[in-house]
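Per-entry structural report
Chain by chain, the residues run as shown.
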Amino acid sequence: MARYTNSRIVPVALVLIIVAVAIAALVSITRAIFFSGNVQTTSSQADVSQAELLNTSANRAVRMSVRGAIVANEEFHSYVIAITPSSRTLTTYTGYLDKKVDQQVVLNNNIPAYEQFVYALNYANLVKGTELSGDKNNTRGICATGRVYQFEVLKADTSVKTLWTSTCKGSPGSLDGSVTQLTSLFTSQIPNARSLISKIDL
């Protein structure tokens, strides 16, 4: 009788073990397909953005654009700082049609200086964020009572990656880095930048 019972238990136990192994394998495969792939994609996207930022070819540039509160056309102000391997430019604007107030092109930049700058931006997590899409990436009217900051990595005047944030809690945007640190890095590239920016009321 005992021998008969054992002969029935052993096959059942083997079937249960096989089923458990199959379920574990199925779970592992599912995780590999749906989760590991996403992590790898995000990581590879970050690697591409980082490589583009650190590239010092002549057609590369980084740009910061700052927009003030949404007010009357006469009182609306903004400014842009663009840095390339050969130049550094600060332009201040008034009105929504971007009428220039001041433009200062500082002495020609050079590749070693640009390289140091973009590496500093990389350590400050300039490209760490993930770009938003659709309406979530539309900054029109965003943070109407504060400032909007946009940071771009450019290749031949075409944006490779664009991230933004604002001073309004309800509109954090896509930038993960410290806006204070990043703006400081950009303005430090332009002598007298703060005095030029102070001429416009942001």
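Above this note sits the structure.
Notes on the structure follow. (Residues numbered from 1 in each chain as written. Predicted model: local features only at pLDDT ≥ 70, side-chain atom pairs only at ≥ 80, totals over all residues. Heavy atoms only, no water.)

1. Section: the packing of helix 2 (residues 111–123) against helix 3 (residues 179–187)
Selection criterion: For helices, the fitted line uses only the C-alpha atoms of the stretch in contact; every axis is such a line through C-alpha atoms, and the angle between N-to-C directions lies from 0 to 180 degrees. Put simply, DSSP H or I for four residues or longer makes a helix, DSSP E for two residues or longer makes a strand, and each gets a number counted from the N terminus. Any angle that falls under 35 degrees is termed roughly parallel, while one over 145 is termed roughly antiparallel, one within 65 to 115 roughly perpendicular, and all others oblique. Contact definition: two residues touch when any of their heavy atoms are within 4.5 Å. Gly is placed with the polar residues, together with every amino acid not listed as nonpolar (Ala, Val, Leu, Ile, Met, Phe, Trp, Tyr, Cys and Pro) or charged (Asp, Glu, Lys and Arg).
Contact pair helix 2 / helix 3: the axes reach a minimum separation of 10 Å and the direction vectors enclose 170°. If you check the angle between helix 2 and helix 3, you find them roughly antiparallel. Where helix 2 abuts helix 3, its residues F117, A120 and L121 lie against L182, L185 and F186. Taken together, the residues that form the contact of helix 2 with helix 3 break down as 6 nonpolar, no polar and no charged.

2. Thoughts on the pairing of strand 4 (residues 99–106)
The two faces of a sheet get side chains in turn, since along a regular strand they alternate between them. Rules: Should DSSP find at least two bridges between two strands, the strands are taken to pair.
Two elements, strand 3 (residues 88–94) and strand 4, share 7 bridges in a ladder whose sense is antiparallel. Bridged to R88 within strand 4 is V106. Between the antiparallel neighbours strand 3 and strand 4 lie 4 residues, among them G95 with a positive phi of about 80°.

3. Considerations on the sheet that holds strand 4
Pairing within the open sheet is antiparallel, and its 6 strands lie in the order 4-3-2-1-5-6. Looking along the sheet, the strands with just one partner apiece sit at the ends: strand 4 and strand 6 (158–166). Strand-to-strand twist of the sheet, defined as the mean angle between neighbouring strand axes without regard to direction, takes the value 15°. Across 6 bridges, strand 1 (residues 60–67) lies against strand 2 (residues 77–83) in antiparallel orientation. Note on strand 2: the bridge partner recorded for V62 is I83. Its contacts with the sheet put helix 2 on strand 1 and strand 2, and the angle it makes with strand 1 is roughly 55°.

4. What about the nonpolar core?
Soluble, globular proteins show a tendency: their nonpolar side chains are buried together. As a reminder of what qualifies: Here, nonpolar core refers to any group of buried Ala, Val, Leu, Ile, Met, Phe, Trp, Tyr and Cys residues whose side-chain atoms link them within 4.5 Å. Classification of residues uses two cut-offs on accessible area relative to the type maximum, computed with a 1.4 Å probe and protein chains only: under 20% is buried, over 50% is exposed, and between them is partly exposed.
One finds L53, V62 and F186 to be the most contacted residues of the largest nonpolar core, which totals 29 residues. For this core, the elements supplying multiple residues, two or more each, are helix 1 (2–54), strand 1, strand 2, helix 2, strand 5 (148–155), helix 3 and helix 4 (193–197). The element best represented in this core is helix 2, accounting for 4 residues. Membership of the second largest hydrophobic core comes to 5 residues, among which are C143, V148, W164 and C168.

5. Let's talk about helix 3
Convention followed: Note that the arc is defined by the directions from the helix axis to the C-beta atoms.
Among the residues making up helix 3, those that are buried are L182, T183, F186 and T187. The arc that holds the buried residues of helix 3, viewed along the axis, is 130°, so those residues lie on one side.

6. Quick look at the pattern of salt bridges
The cut-off we apply is this: When a carboxyl oxygen of Asp or Glu is within 4 Å of a side-chain nitrogen of Lys or Arg, the pair counts as a salt bridge.
Tallying each qualifying case throughout the model produces 3 salt bridges. Between D102 and K199 there is a salt bridge, with its nearest N and O atoms 3.5 Å apart. With a gap of 97 residues between them, D102 in strand 4 and K199 in the segment after helix 4 connect regions that are remote in the sequence.

7. Describing the state of the cysteines
Here, disulfide denotes a covalent bond that connects the sulfur atoms of two cysteines. Rules: In this description, a disulfide is simply a cysteine sulfur pair whose atoms lie within 2.5 Å.
Using the criterion set out here, one finds 1 disulfide in the structure. The side chain of C143 participates in a disulfide bridge whose partner is C168; the two sulfur atoms lie 2.0 Å from each other. Measuring the twist about the S-S bond at about 75°, one finds the C143-C168 disulfide to be right-handed. With C143 in the loop between helix 2 and strand 5 and C168 in the loop between strand 6 and helix 3, this residue pair connects regions lying 25 residues apart in the sequence. Across the pair, exposure class does not vary: C143 and C168 are buried alike.

8. Section: the side chain of E52
As for its position among the elements, E52 is in helix 1. Of the residues examined, E52 reaches a relative accessible area of 18% and is grouped as buried. Here E52 is in contact with R60, V153, K155 and V160, once residues within four sequence places are set aside.

9. So, the pairing of strand 2
Within strand 2, 6 of the 7 residues are buried, which leaves the element mostly enclosed by the surrounding structure. Note that strand 2 and strand 3 share 7 bridges and pair antiparallel. Considered in strand 3, the bridge of Y79 is made with T92. The turn linking strand 2 back onto strand 3 is made up of 4 residues.

Read these as geometric descriptors, not functional statements.
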